[in-house]
Amino acid sequence: MMLALRDIACLRGDRLLFERLSLELAAGDALVVTGANGVGKSSLLRIAAGLLRPSAGTIERPGRVAWLGEASALDGDRTLGQALDFWAKLDGTRPDAAMAQMGIAHLVRVPVRYLSTGQRRRAAIARTIASGAPLWLLDEPANGLDAEGIERLGDAIRAHRRTGGSVFTATHLPLPIDDAATLMLDGAIA
Amino acid sequence: MIASLIRRDTLRGLRAAGLPVMFFLIAATLFPFAVGPDARVLTKAGGGMLWLAALLAALLPIERLVAPDIEAGVFDQFAARGIADEALAAAKIAAHWLSFGPTLMLAALPGAALLGLDESTLGKLEAGLAIGTPALAALGLTVAALTAGLRGGGALAGLVLLPLAIPLLIFGAGALDPDGAQALKLLASTALLLTFGAPFAAGAALRSHRD
């Protein structure tokens, strides 16, 4: 088991986004959360990552996780190689292969501040790949990506699952993920 | 992980360390213009004035300490790796001090020469700054974490930090007196309290930004 959420509730302000939500991810699983804006997709992902405390319920997350949020968390003053190296060193890995996988290896010496939104997104995905964490939590991973970038993201997810990794993602864009379970949040409680 | 964060923030802080140091030295240069060239007045008030300049110089980098990392999602990445916010706050305090504390102590040497401080006063000033600047860094980081993301956060940070730093200023300047040993001890105890308490307050503030 990679992730288990049991009877989770999420209250934001005085608004109950969801309650009694339970799910479990095993090795190789992929789960896609969909739904309209504001129904709590990102909040659910942040709860799963341990970034947000749920109002109720329990979380089991035995292994390491890789978090891909809205922000890239890359230092604008450093080159792309240095910025990714910082995180890879924390995880005890190297980012080179992941950069090649996302098609940004040629940007290794370019300062992050000069990268486009899509290139930064690819870089953040490369950090996720390079982390070596078995569970990927991806919040709107396709935001800012072009068609080739989305294809590379799909390939990366496929390769990750082949090696026993799991993916839990929230998206409002169609993603090329095979055999993914879908969780629809409809905001009916709110 | 923590060592990497300290290293990254220290290098980043050192790149911008020129501004607080220049501010400190300019303030020391302007002081004789304000009170006149009387050497006795400068010697008597100069040490306290350098403490005040150090306090104000420590304010300058506050806006860049926490807010950019929150905006960039850096703290989320650390939290997802299971690093406690208190540990992150302690690392950032250490890095903040490393990037401005020793340089400010070095800048105090020409500052003291400009104001004609004697060797004994200079020694006490350096000892006081060595003890007091970690507490200034701790206060600065805590206030930066509390005010990050607020409109006018930089100005608000100054309004919050300066009153909290008054004990450091009183004991730091008091330690320069010939019988200032007690003030130095009080400065040390205040600095200990602030330096070791700040990571918990700053950590809670960092956590609140995620909710």
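Here the residue numbers are simple positions, counted from 1 along each chain's written sequence. Each chain takes a letter, starting from A, and each ligand takes a number, starting from 1, following the order in which they are written. Side-chain atom pairs in this predicted model are given and counted only at pLDDT of 80 or more, local residue features only at pLDDT of at least 70, and totals for whole chains, interfaces and linings cover all residues. In computing side-chain values, all of the structure's heavy atoms are included and hydrogens and water are not.

We now examine the sheet that holds strand E6 (residues 135–139) of chain A. Each strand in a sheet pairs with its neighbour through backbone hydrogen bonds, running either in the same direction (parallel) or in the opposite one (antiparallel). Residues and elements named next belong to chain A. Read from one edge of the open sheet, five strands run E5-E6-E7-E3-E8, paired in parallel fashion. In the strand order of this sheet, the two ends are held by strand E5 (65–68) and strand E8 (181–184), each with one partner. When the angles between neighbouring strand axes are averaged without regard to direction, this sheet yields 15 degrees. Across four bridges, E5 lies against E6 in parallel orientation. Bridged to Leu68 within E6 is Leu138. Two residues qualify as a contact provided that any one of their heavy atoms is within 4.5 Å of a heavy atom in the partner residue. Think of each axis as a best-fit line through the C-alpha atoms, taken over the contacting stretch in the case of a helix, with angles from 0 to 180 degrees between the N-to-C directions. Only DSSP runs of H or I with at least four residues qualify as helices, and only runs of E with at least two residues qualify as strands; both kinds are numbered from the N terminus onward. Where helix H1 (residues 41–49) meets the sheet, its contacts fall on strand E3 (30–34), E5, E6, strand E7 (166–170) and E8, and the angle it forms with E7 comes to roughly 145 degrees. Each pair of strands is called paired provided DSSP finds at least two bridges between the two strands.

Bringing the domain arrangement of chain A into the picture now. All names here are of chain A. Per the domain assignment, the segments of chain A are domain 1 (1–63 + 134–149 + 162–190) and domain 2 (75–132). For the domains described, the bounds stem from an automatic or database domain assignment. Using C-alpha coordinates to define each centre, domain 1 is positioned 24 Å away from domain 2. Counting from both sides, the interface comprises 12 residues of domain 1 and, opposite them, eight residues of domain 2. When two components associate, each loses some accessible surface as probed by a 1.4 Å sphere; the sum of these losses over both components is called the buried area. Buried surface at the junction of domain 1 and domain 2, summed over both partners, amounts to about 750 Å²; 56% is from carbon and sulfur atoms. Taken as a group, Trp136, Gly144 and Leu145 account for 48% of the area that domain 1 buries against domain 2, more than any other trio of residues on that side. One side-chain nitrogen of Lys or Arg within 4 Å of one carboxyl oxygen of Asp or Glu is enough to make a salt bridge. Across the contact surface, domain 1 and domain 2 share two salt bridges.

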